[in-house]
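Architecture and fold: a report
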Amino acid sequence: MAKRMGIMQEFTLFLKENKAYWMIPIILVLLLLVVLVVAGGGAAAPFIYTLF
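Residues numbered from 1 in each chain as written. Predicted model: local features only at pLDDT ≥ 70, side-chain atom pairs only at ≥ 80, totals over all residues. Heavy atoms only, no water.

Quick look at a nonpolar patch on the surface
Taken together, the side chains of Trp22, Ile26, Val29, Leu30 and Leu33 define a hydrophobic patch exposed on the protein surface, amounting to about 530 Å² of accessible area. Within the secondary structure layout, Leu30 lies in helix α2 (residues 23-40). (Patch = residues over 30% accessible without salt bridge, like charges linked within 9 Å, V, L, I, M, F, W, Y side chains within 5 Å. Areas by Shrake-Rupley, 256 points an atom, 1.4 Å probe, with all protein chains shown as cover. Salt bridge = Lys/Arg side-chain N within 4 Å of Asp/Glu carboxyl O. Helix = DSSP H or I, 4+ residues; strand = E, 2+ residues; numbered from the N terminus.)

Overview of the packing of helix α1 (residues 7-18) against α2
For the pair α1 and α2, the least separation of the axes is 11 Å and the interaxial angle reads 150 degrees. The orientation of α1 with respect to α2, classified from their angle, is roughly antiparallel. Side by side, α1 and α2 meet where Phe11, Phe14 and Leu15 of the first sit next to Met23, Ile24 and Ile27 of the second. In terms of residue class, the contact of α1 with α2 is made up of 6 nonpolar, no polar and no charged. (Axes fitted to C-alpha atoms, helices over the stretch in contact; angles between N-to-C directions. Parallel < 35°, antiparallel > 145°, perpendicular 65-115°, else oblique. Contact = heavy atoms within 4.5 Å. Nonpolar A, V, L, I, M, F, W, Y, C, P; charged D, E, K, R; others polar.)

Examining unusual backbone geometry
Phi is mostly negative for residues that are not glycine, and the peptide bonds are mostly trans. With a phi close to 50 degrees, Lys19 is a non-glycine residue in the positive phi region. With respect to the helices, strands and loops of the structure, Lys19 is situated in the loop between α1 and α2. Residue classification places Lys19 among the exposed positions, given a relative accessible area of 61%. (Buried < 20%, exposed > 50% of the residue type's maximum accessible area, 1.4 Å probe, protein only.)

See below:
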């Protein structure tokens, strides 16, 4: 049986095999935006709004 990989492992393998290291900063910025949006809807909202 083939070993099942998680989506992060599969994506990391894709980046290594295709030498697509330029995608890493884009994904990090998108993840940061997601964290800000999620935190903006909760109790941390007043602290995040002061950053902007």
